[in-house]
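Structural overview
What follows is the residue order along each chain.
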Amino acid sequence: MNKWSPQEILQEPGVRMSATEKQAILKKFPPPDQNGQIYADGIFEGGGVRGVAFLGALRCCNDLGIRWRKLAGTSAGAITAAVLATDLSMDDLEELLGQLDYSIFLSKKNSPLIINGDPADDLQSPVWTLLFLTISRQMGEYSSLPFRNWLETTLAKGHLHTFADVKQVKDRELKVVISNLTRGEMLVIPDDLQRSESADSDALYQQLQLKSAEDFSVAEAVRLSMSIPLFFEPGKLGNDLIVDGGILSNFPLWIYDKQSGSTPIAPRWFTFGFRLIDTGIENKVNINSPVSMLASMFTTMMKARDRYHQREMDRGRVINVDVTEARVTATDFNLDADRKAILYRLGYLYTKRFFLSSNFSWEKHLKARGFGE
């Protein structure tokens, strides 16, 4: 696979923000702390391999000097949030994620009886996928173990293994959304590992050999979150079957909005949500058969809940990256260098455009969230 260079993309005319643009944007941020640092929280939507666009978005944020504190995500968004919680530099992230051959994650098919073509099209033809899975008596085409092994190694380079390490590395916080099929509920890891039902918690801790929820593996949490139904085999949490968190909340922008006590607490810095928009998927679809209906049901399941719950207060903090022109599906693991470059460029440009918008400012952000005049 041909390699691509993020630095070459940034040197293209009109891509990287100028010194004048940077100065204008920074005036919209709250004052830095005593050490001159600017902080923000980041929430990342799921979107499969299209998450390469997040790299461009993060490079734009890095150019502004933003340091991340609270991080969360679902599926591919959880991958981004996890690697961002390490002490790896932006250059390191671009090297590790940008040069990655995503096809290695598909190196372990669960059965020779599972016959498929281009993985990019698998979720577009769920009936055939279901047929081959039924014949092979499997619940997913591919094992997610190669991905977990890669992520565990990658996070270790940034001195991160468990959720306890997240705070110890750089005083950060990380949450990962998963879907529990056995119990029919959404879970946020590590929070929901320490529930009040002590009998369940004690049994789970003993089974997973945990002393506390913070001892849970970040790589395992992300593996559970990105287990795309039918595509990857479900993961397990104790005896419960777990799949992609995106089927219940693909864009958990709400996750850090909980208030302490009865008096709302004003935020000290921005919370930015990073979304991937694809108008080829967003537009109305032609449903004219049971097969197309099943495919549309799957897409709706992944998207509709979060769209419905997006509030007026969310609009000024959501960075929408339109990746339509890249022509990349969530399961396009044979992603080539040219399309990686397109995704990266779009991520940077849409993020820069958001920051330069007249609708973006700290004052407007506070007002939209119910604070200030």
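Up top is the structure.
Attention here is on the structure that accompanies the text.

Rules of the game
Residues numbered from 1 in each chain as written. Predicted model: local features only at pLDDT ≥ 70, side-chain atom pairs only at ≥ 80, totals over all residues. Heavy atoms only, no water. Salt bridge = Lys/Arg side-chain N within 4 Å of Asp/Glu carboxyl O. Helix = DSSP H or I, 4+ residues; strand = E, 2+ residues; numbered from the N terminus. Buried < 20%, exposed > 50% of the residue type's maximum accessible area, 1.4 Å probe, protein only. Contact = heavy atoms within 4.5 Å. Pairing = 2+ DSSP bridges. Right-handed = clockwise from strand over helix to strand, strands pointing away. Phe/Tyr/Trp six-rings, centres within 6.5 Å; stacked < 30°, edge-to-face > 60°. Lys NZ or Arg CZ within 6 Å of the ring centre and 35° of its normal.

**Brief notes about the pattern of salt bridges**
Under the counting rule described, the total for this entry stands at 15 salt bridges. For Asp 257, the salt bridge goes to Arg 317, with nearest N and O atoms at 2.7 Å. Remark: Arg 317 occurs in the loop between helix H12 (290–309) and strand E10 (318–322) and Asp 257 occurs in the loop between strand E8 (240–244) and strand E9 (270–277); sequence separation between them is 60 residues. Among the salt bridges present, the one from Arg 339 reaches Asp 332, with a minimum N-O distance of 2.5 Å. The class of Asp 332 is buried, set by a relative accessible area of 5%.

**Regarding the side chain of Asp 41**
As for its position among the elements, Asp 41 is in strand E1 (residues 38–44). When sequence neighbours within four positions are dropped, the list of residues in contact with Asp 41 reads Trp 68, Arg 69, Lys 70, Trp 269, Phe 270, Thr 271 and Phe 272.

**Quick look at the pairing of strand E2 (residues 66–74)**
Of all nine residues in E2, seven are buried, a share of seventy percent or more. Sheet analysis places E1 next to E2, joined by six bridges and oriented parallel. Across the sheet, residue Ile 43 finds its bridge partner in E2, namely Ala 72. In this fold, E1 hands off to helix H3 (residues 52–63), which returns the chain to E2; that crossover is right-handed. Alignment of E2 against strand E4 (residues 173–180), held across five bridges, turns out to be parallel. Bridge pairing in E4 places Leu 71 opposite Leu 174.

**Looking at the packing of aromatic side chains**
In total, this model carries 24 aromatic pairs according to the counting rule given. With a centroid separation of 5.2 Å and an interplanar angle of 85 degrees, the aromatic rings of Phe 105 and Phe 147 are classed as edge-to-face. Note that Phe 105 is positioned in the loop between helix H5 (90–98) and helix H6 (126–136) and Phe 147 in helix H7 (residues 145–157), a separation of 42 residues in sequence. Take Phe 105 and Phe 147: they sit in the same class, and that class is buried. Here the aromatic rings of Phe 105 and Phe 333 are separated by 6.5 Å at their centres, their planes lie at 80 degrees, and the arrangement is edge-to-face. With Phe 105 in the loop between H5 and H6 and Phe 333 in the loop between E10 and helix H13 (337–356), this pair connects stretches of sequence that are 228 residues apart. For Phe 333, a relative accessible area of 5% corresponds to the buried category. Through a chain of ring-to-ring contacts, three or more aromatic side chains come together here, namely Phe 29, Phe 270, Phe 272, Phe 354, Phe 355, Phe 360 and Trp 362. Lying across the ring of Tyr 39, Arg 69 places its NZ or CZ 4.9 Å from the centre. Above the plane of the ring of Tyr 350 lies Arg 353, whose end atom (NZ or CZ) is 4.6 Å from the centre.

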